[in-house]
Amino acid sequence: MKYNQTILAGLLCLLSVSSYAAVDDLKQKVEIAAARQEADIKNNQVIFFGPVEVTQGSIKMNADELRVFSKEAGSGKTLVATGNPATYTQIMEDGRPATASAKEIRYELATRTLTLLGNATLEQEGSQVTGNRIKYNIGLQQLVAESTGQGDDRVITIIQPEAYQEETPETPVEPIEKQEQQ
């Protein structure tokens, strides 16, 4: 039970910090730099060809191609970045970066939802979650990671110990070879 609580605590640490910087970042303008752009005004879509870089405050996305969709009446924009891989980074309030990468990154500005598809990885301070699909709602701090369910494909979570370097053992630890000789 304690092991499950440690995993849950690690995941929460990995993801909870993400909301602190996101609020300020979302108040910033979105700037897109690309090699070329095409607009389909009738269908509320703009396509940027790469390399493409998107910035919004400390948020940065890099992709080979970016599609920006607007719902009718301007009720929200969705950015779909594709690449090999496409990447997403954000500097948290405490100055530490959070990063994500996948073949496709879908960022819905109105719902503050990040969806990573295909070789998806979400990482912060060495802790990471990998899977075929990761969906993270920044505002609600909710994450769902999924595998394809085929073969050995699994969702993998790696949690780095927080206090490992801070703790010092009270008694010196003997090497395994000495313990076995006793």
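A short tour of the structure in this document, coming up. Numbers given to residues run from 1 along each chain, matching the order in which its sequence is written. Only residues with pLDDT of 70 or above have their local features reported here, since the model is predicted, and side-chain atom pairs are shown and tallied only from 80 upward, although totals for entire chains, interfaces and linings are computed over all residues. Based on all heavy atoms of the structure, the side-chain values leave hydrogens and waters out of the count.

Going along the chain from the N terminus, every DSSP run of H or I of four or more residues is numbered as a helix, and every run of E of two or more is numbered as a strand. Within the protein, the secondary structure is distributed over three helices and ten strands. When the helices and strands of the protein are placed in sequence order, the string is α-α-β-β-β-β-β-β-β-β-β-β-α. Counting every position in the protein, which comprises 182 residues, the buried fraction comes to 31%. A separation of at least 24 residues holds for 41% of the contacts in the protein among residues at least 6 apart in sequence. Carbon together with sulfur atoms contributes 50% to the accessible area of the protein, which is approximately 11,600 Å² in total. The cut-offs for exposure are 20% and 50% of the maximum accessible area for each residue type, with area from a 1.4 Å probe on protein chains only; residues under the lower value are buried, those over the upper are exposed, and the others partly exposed. The contact criterion used is simple: two residues touch if any of their non-hydrogen atoms lie within 4.5 Å. Shrake-Rupley sampling with a 1.4 Å probe provides the accessible areas, and residues are treated as covered by the protein chains on show and by no other component.

Moving on: the nonpolar core. In these notes, a set of buried Ala, Val, Leu, Ile, Met, Phe, Trp, Tyr and Cys residues joined through side-chain atoms within 4.5 Å is what counts as a nonpolar core. Within the largest apolar cluster, 24 residues are counted, with the highest numbers of intra-cluster contacts made by Met 61, Leu 66, Ala 81, Tyr 88, Ile 105 and Leu 116. No other element matches the five residues that strand β4 (residues 59-70) contributes to this core. Met 61 has contacts with Val 52, Glu 53, Val 54, Ala 81, Thr 87, Tyr 88, Ile 105 and Tyr 107, leaving out every residue within four places of it along the chain.

With that out of the way, let us pick up the environment of Ala 102. With respect to the element layout, Ala 102 can be found in strand β6 (residues 97-108). Not counting chain neighbours up to four residues away, the residues in contact with Ala 102 comprise Gly 83, Pro 85, Ala 86, Leu 116, Leu 117, Gly 118, Asn 119 and Ala 120.

Right, let's get into the pattern of salt bridges. Salt bridges are counted wherever a side-chain nitrogen of Lys or Arg sits within 4 Å of a carboxyl oxygen of Asp or Glu. One pass over the structure, following the stated rule, counts six salt bridges. In this structure, Arg 67 engages Glu 65 in a salt bridge whose closest nitrogen and oxygen atoms are separated by 3.1 Å. Note on Arg 67: relative accessible area 29%, which makes it partly exposed.

When a strand is regular, its side chains alternate between the sheet's two faces. For strand β8 (residues 127-137) and strand β9 (residues 142-146), the ladder comprises five bridges, and the chain directions are antiparallel. Of the residues in β9, the one forming a bridge with Asn 137 is Gln 142. Between β8 and β9, which pair antiparallel one after the other, the connecting turn spans four residues, and Gln 141 there sits at a positive phi close to 55°. One requirement defines pairing of two strands: DSSP has to find at least two bridges between them.

Turning to the packing of aromatic side chains, a few remarks are in order. Any two rings among Phe, Tyr and Trp, with Trp reduced to its six-membered ring, count as a pair given centres within 6.5 Å; such a pair is stacked if its planes are under 30 degrees apart, edge-to-face if over 60, and tilted if neither. Enumeration according to the criterion identifies one aromatic pair in this entry. A cation over an aromatic ring shows up here: Arg 36 above the ring of Phe 49, its NZ or CZ 4.1 Å from the ring centre. Charge-over-ring placement is defined geometrically: NZ (Lys) or CZ (Arg) within 6 Å of the ring centre, and within 35 degrees of the ring normal.

What follows covers unusual backbone geometry. Omega for the bond connecting Gly 50 with Pro 51 falls within 30 degrees of zero, at 10°, which places this linkage in the cis form. Counting through the fold element by element, Pro 51 comes out in strand β3 (residues 45-56). At the junction of Asn 84 and Pro 85, the peptide bond is cis and its omega measures out at 0° in the coordinates. With a phi angle near 55°, Asn 44 is a residue other than glycine that sits in the positive phi range. Among the structural elements, Asn 44 can be located in the loop between β2 (36-40) and β3.

In short, the description is geometric, and any link to function would need to be established separately.
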